[in-house]
Protein chains: 2
Amino acid sequence: PQKNKPDFSNRGMTLEEDISATNQFYLEAGIAVVHKKPTPVQIVQVDYPKRSAAVIKEAYFKQASTTDFNGVYQGKYIDFEAKETKNKTSFPLSNIHQHQIDHMKAIIEHGGIAFLIVKFTPHDEVYVLPAHCVFEYWDGQFKGGRKSIPYQVVHEEGILVPFHFQARVDYAKALDKLYF
Amino acid sequence: PQKNKPDFSNRGMTLEEDISATNQFYLEAGIAVVHKKPTPVQIVQVDYPKRSAAVIKEAYFKQASTTDFNGVYQGKYIDFEAKETKNKTSFPLSNIHQHQIDHMKAIIEHGGIAFLIVKFTPHDEVYVLPAHCVFEYWDGQFKGGRKSIPYQVVHEEGILVPFHFQARVDYAKALDKLYF
Ligand SMILES: [Mg+2]
Ligand SMILES: [Mg+2]
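Not measured: the values here are computed from a predicted model.

Quick word on the overall build of chain A
Item 1. A count of helical and extended segments in chain A gives five helices and ten strands.
Item 2. Considered along the principal axes of its C-alpha atoms, chain A spans approximately 60 × 40 × 35 Å.
Item 3. Considering chain A as a whole, with its 180 residues, one finds that 48% of them fall into the buried category.
Item 4. Surface summary for chain A: the accessible area is close to 9000 Å², and the carbon and sulfur share equals 51%.
Item 5. Computed over 21 positive and 21 negative side-chain charges, the inter-centroid distance for chain A is 4 Å.

Here you go:
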């Protein structure tokens, strides 16, 4: 809907970097405490040179067992995964892993808030999409359903996230609409 | 108080490993969803050998900006740091960092639950110690106060955590007493 807006949002920062910058702003402004979880790494060999910092010489990337971000907002546990797609018409479920679905389902069972932040790069739009909507399509694909979430569904069931200079992915306002 | 109990709890597992095993049990039993955050690592060089996994060839340990563990329990955001001490009579505040204190204070301001899990190895005892008690001593040390929390204070203001075979550090029961 904002075809001719100036391209502030696309200065070479990834969605995750934009969210981390937003989290830093939220922390300083007293809005929320949310952090990105570090990339899990299996460390095999470490050198301890004299008079300088330990150097990891051999390590491997591990599969994350959870999602990208979690924290506390207005007294609630929040947990989300950030995903970008170049697809114009739908969000392919191949972007998500079963263990992320399992994690988000467990969060909701325990009274937390789980969602995706989805960026459609062709539209330069970012949405907060509640986990229940993701589950519907995720579970449906194993019963003969489609393997992606239509853009139109994300547009209607998600909340469009505004871009602000300080809160580049200002998702807290979307959470207010969805959950508070 | 349990001087002659059999030494089940000390089979070479660290406090963090015992807590992670407990979290796995809590997850499977539907009690809570809590995970250890991965150790943050600054990756400098990665090799991508043909037909095998990427190898991290140079990386450095980074200072964590938060605490060890967080998650959701009974709808509440919980966040804690695990610390062991060999000290018999007090918990030295040098085990804690200012950024961990800042993080725990922010959590509480936003309605989350923050605490330490402290193990006194000489007593083979583990306690849940609410963050406000830690803050009292932390802030006090800059006003001429002592630089440690007396064992007796931890024993009185904290909750002793029972050892169970499956829930090796069964901290959820302590949270029930303190916060629910
Ligand atoms: Mg992601
Ligand atoms: Mg620790």
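Section: the relation of the copies chain B and chain A
Item 1. Mapping chain B onto chain A is achieved by rotating through 180° and translating by 0.1 Å along the same axis, at an RMSD of 0.1 Å. Interpreted geometrically, this transformation is the action of a two-fold axis.
Item 2. Comparing interface residues between copies, 100% of those in chain B also sit at the interface in chain A, which points to an isologous, same-surface contact.

Structural notes on the pairing of strand β4 (residues 69-73) of chain B
Residue and element names in this part refer to chain B.
Item 1. Among the five residues of β4, five are classified as buried, and the element is accordingly described as predominantly covered.
Item 2. By the alternation rule, side chains of β4 split into F69, G71 and Y73 and N70 and V72, which are all buried.
Item 3. Pairing between strand β1 (residues 33-36) and β4: four bridges, direction antiparallel. What sits directly across from K36, in β4, is F69.
Item 4. Taken together, the five bridges between β4 and strand β5 (residues 76-85) define a ladder with antiparallel strand orientation. Of the residues in β5, the one forming a bridge with F69 is F80.
Item 5. Connecting β4 to the next strand, β5, in antiparallel fashion are two residues, including Q74 with a positive phi near 50°.

With respect to the packing of helix α2 (residues 98-109) of chain A against helix α3 (residues 131-140) of chain A
Residues and elements named next belong to chain A.
Item 1. Viewed as axis vectors pointing N to C, α2 and α3 meet at an angle of 135°, and their least axial separation amounts to 11 Å. It follows from the interaxial angle that α2 and α3 lie oblique. Pair α2 / α3 crosses with left-handed handedness. Taken together, the residues of α3 that come into contact with α2 (itself represented by Q98, I101, M104, K105 and I108) are A131, V134, F135, W138 and D139.
Item 2. Tallied by class, the residues present in the contact of α2 with α3 amount to seven nonpolar, one polar and two charged.

Brief notes about the coordination of the magnesium ion (ligand 2)
Residues and elements named next belong to chain B.
Item 1. Around the magnesium ion (ligand 2), the protein supplies D68 (OD), E81 (OE) and A82 (O) as donor atoms, at distances of 2.2 to 2.6 Å.
Item 2. Positions of the donor residues of the magnesium ion (ligand 2) along the chain correspond to the pattern D-x12-E-A. Residue D68 is located in the loop between β3 (55-61) and β4, and its partner E81 is located in strand β5; the two are separated by 13 residues in the primary sequence.
Item 3. Exposure remark for E81: the relative accessible area of 3% places this residue in the buried category.

Details of the coordination of the magnesium ion (ligand 1)
Item 1. Within the protein, the magnesium ion (ligand 1) binds to D68 of chain A (OD), E81 of chain A (OE) and A82 of chain A (O); these donor distances fall in the range 2.2 to 2.6 Å.
Item 2. Each donor residue of the magnesium ion (ligand 1) belongs to the same chain, and together they define the spacing D-x12-E-A.

A word on the environment of V33 of chain A
Item 1. Turning to its location among the elements, V33 of chain A is positioned in strand β1 (residues 33-36).
Item 2. The buried category is assigned to V33 of chain A, whose relative accessible area is 1%.
Item 3. Separated by 44 residues in sequence, V33 of chain A and Y77 of chain A place their C-alpha atoms 9.9 Å apart.
Item 4. In contact with V33 of chain A, other than residues within four places in its own chain, are L27, N70, G71 and V72 of chain A together with H103, A106, I107 and H110 of chain B.

Each value, and the rule that gives it
- Residues numbered from 1 in each chain as written.
- Chains lettered and ligands numbered in written order.
- Predicted model: local features only at pLDDT ≥ 70, side-chain atom pairs only at ≥ 80, totals over all residues.
- Heavy atoms only, no water.
- Helix = DSSP H or I, 4+ residues; strand = E, 2+ residues; numbered from the N terminus.
- Buried < 20%, exposed > 50% of the residue type's maximum accessible area, 1.4 Å probe, protein only.
- Areas by Shrake-Rupley, 256 points an atom, 1.4 Å probe, with all protein chains shown as cover.
- Lys, Arg positive; Asp, Glu negative; His and termini not counted.
- Charge placed at Lys NZ, Arg CZ, Asp CG, Glu CD.
- Least-squares fit on C-alpha atoms with pLDDT ≥ 70 in both.
- Contact = heavy atoms within 4.5 Å.
- Pairing = 2+ DSSP bridges.
- Axes fitted to C-alpha atoms, helices over the stretch in contact; angles between N-to-C directions.
- Parallel < 35°, antiparallel > 145°, perpendicular 65-115°, else oblique.
- Left-handed = near helix turned anticlockwise from the far one by under 90°.
- Nonpolar A, V, L, I, M, F, W, Y, C, P; charged D, E, K, R; others polar.
- Donors = N, O, S within 2.8 Å, 3.2 Å for Na, K, Ca; no water.

These values are about where atoms sit, not about what they do.
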